[in-house]
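What follows is the residue order along each chain.
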2 protein chains.
Amino acid sequence: MGDKRTPSGFLLKQRAFLKLYLITLTEQERLYGLKILDVLRQEFKPFGYRPNHSEVYKALHDLIEDGILKQVKMKKEGMKYQEVVYYRFTEDGYKKAQLYKKQLKAELDRCDALIRKAIKDNFG
Amino acid sequence: MGDKRTPSGFLLKQRAFLKLYLITLTEQERLYGLKILDVLRQEFKPFGYRPNHSEVYKALHDLIEDGILKQVKMKKEGMKYQEVVYYRFTEDGYKKAQLYKKQLKAELDRCDALIRKAIKDNFG
DNA sequence: TAATGAACATCATGTTCATCG
DNA sequence: CGATGAACATGATGTTCATTA
């Protein structure tokens, strides 16, 4: 009945990490899937992290299922015909998003503490 | 031929994290599998992380395959008959261990930077 | 060909089962 | 029952394929 599996509570998952960024990006600028991927890859390049397109799409779809984002199909800037999928908050999506961010903040803080502890414990 | 899959380079894996701790614990005190599990669970309890016994054993076995640790079957303290498996460094295991730790240090630093960036980018 | 998405494959990890003392 | 380990099951994530503009 309940969960099939109980997470051990190690570090946060990539999916959650991406969802957080997608929310923040939606607050800031209007972008579509592959463009977001470009932006993230550039951002994380110095950190050796290179997400793939599937993960970004799945994270976006997750946010839609969560009722936070909705799709807006629009013509791409400059292009007359190419239609791409932009995202914006649903009616109460922004509020939900803030709640999600709050949770992720706690999770990021927890992970940061865990990693710092490991550095201290093993390289004290 | 080469790798079947290329990691995206997100956060470090639990297995590597545990291997690092196992090396450090081996440097410090002589413990056996389930006792190590106890210690780690106590340590990480405040951080919401509770590893399971299989992961610890797999990490130990990994270190053996890496030629870093070897098993030493011994009588458990106080018990006359119960035999448990302790671990110590192989001949050149300690040197290999230091190399591994060095790599993990870099990896932990990278993860720390990534998480701090996320905090800054999304909650700056 | 770029963009989106689904299907598929594999890896990381959690749960259960077997054995031994 | 505690300890070790293997077998098994599931979840997370990377790769490939299909469709459409």
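Only a predicted model underlies this, so the values are computations on that prediction, with no experimental measurement involved.

What about the nonpolar core?
And step 1. Judged by nonpolar contacts, the single largest core of 70 residues is most densely connected at Leu12 and Phe17 of chain A together with Leu12 and Phe17 of chain B.
And step 2. Once you skip the residues sitting within four places of it in the chain, Phe17 of chain A turns out to touch Leu12, Phe44 and Tyr49 of chain A together with Phe10, Leu114 and Ala118 of chain B.

Quick word on the packing of helix α1 (residues 14-28) of chain B against helix α3 (residues 53-65) of chain B
Residue and element names in this part refer to chain B.
And step 1. Remark: α1 packs on α3, axes separated minimally by 9 Å, with the N-to-C direction vectors making an angle of 70 degrees. Between α1 and α3, the angle is such that the two are roughly perpendicular. The chirality of how α1 crosses α3 is right-handed. On the side of α1, the interface is formed by Gln14, Arg15, Leu18, Lys19, Leu22 and Ile23, while α3 contributes Glu55, Val56, Lys58, Ala59, Leu60, Asp62 and Leu63.

Digging into the protein's contact with DNA strand D
And step 1. Looking at DNA strand D, there are 28 residues lining it, with Arg5 of chain A together with Arg5, Thr6, Ser8 and Tyr32 of chain B nearest.
And step 2. In DNA strand D, atoms within 4 Å of the protein come from the sugar-phosphate backbone in 69% of cases.
And step 3. In the model, a phosphate oxygen of DNA strand D is placed 3.4 Å from a nitrogen or oxygen of the Gly33 of chain B main chain.
And step 4. Interatomic distance of 3.0 Å between a backbone N/O atom of Val85 of chain B and a phosphate oxygen of DNA strand D.
And step 5. Tallied by class, the residues present in the surface near DNA strand D amount to seven nonpolar, 12 polar and nine charged.

Each value, and the rule that gives it
- Residues numbered from 1 in each chain as written.
- Chains lettered and ligands numbered in written order.
- Predicted model: local features only at pLDDT ≥ 70, side-chain atom pairs only at ≥ 80, totals over all residues.
- Heavy atoms only, no water.
- Core = buried A, V, L, I, M, F, W, Y, C linked by side-chain atoms within 4.5 Å.
- Buried < 20%, exposed > 50% of the residue type's maximum accessible area, 1.4 Å probe, protein only.
- Contact = heavy atoms within 4.5 Å.
- Axes fitted to C-alpha atoms, helices over the stretch in contact; angles between N-to-C directions.
- Helix = DSSP H or I, 4+ residues; strand = E, 2+ residues; numbered from the N terminus.
- Parallel < 35°, antiparallel > 145°, perpendicular 65-115°, else oblique.
- Left-handed = near helix turned anticlockwise from the far one by under 90°.
- Near = heavy atom within 4 Å.
- Polar contact = N/O pair within 3.5 Å; in protein donor to acceptor, adjacent residues only side chain to side chain.
- Nonpolar A, V, L, I, M, F, W, Y, C, P; charged D, E, K, R; others polar.

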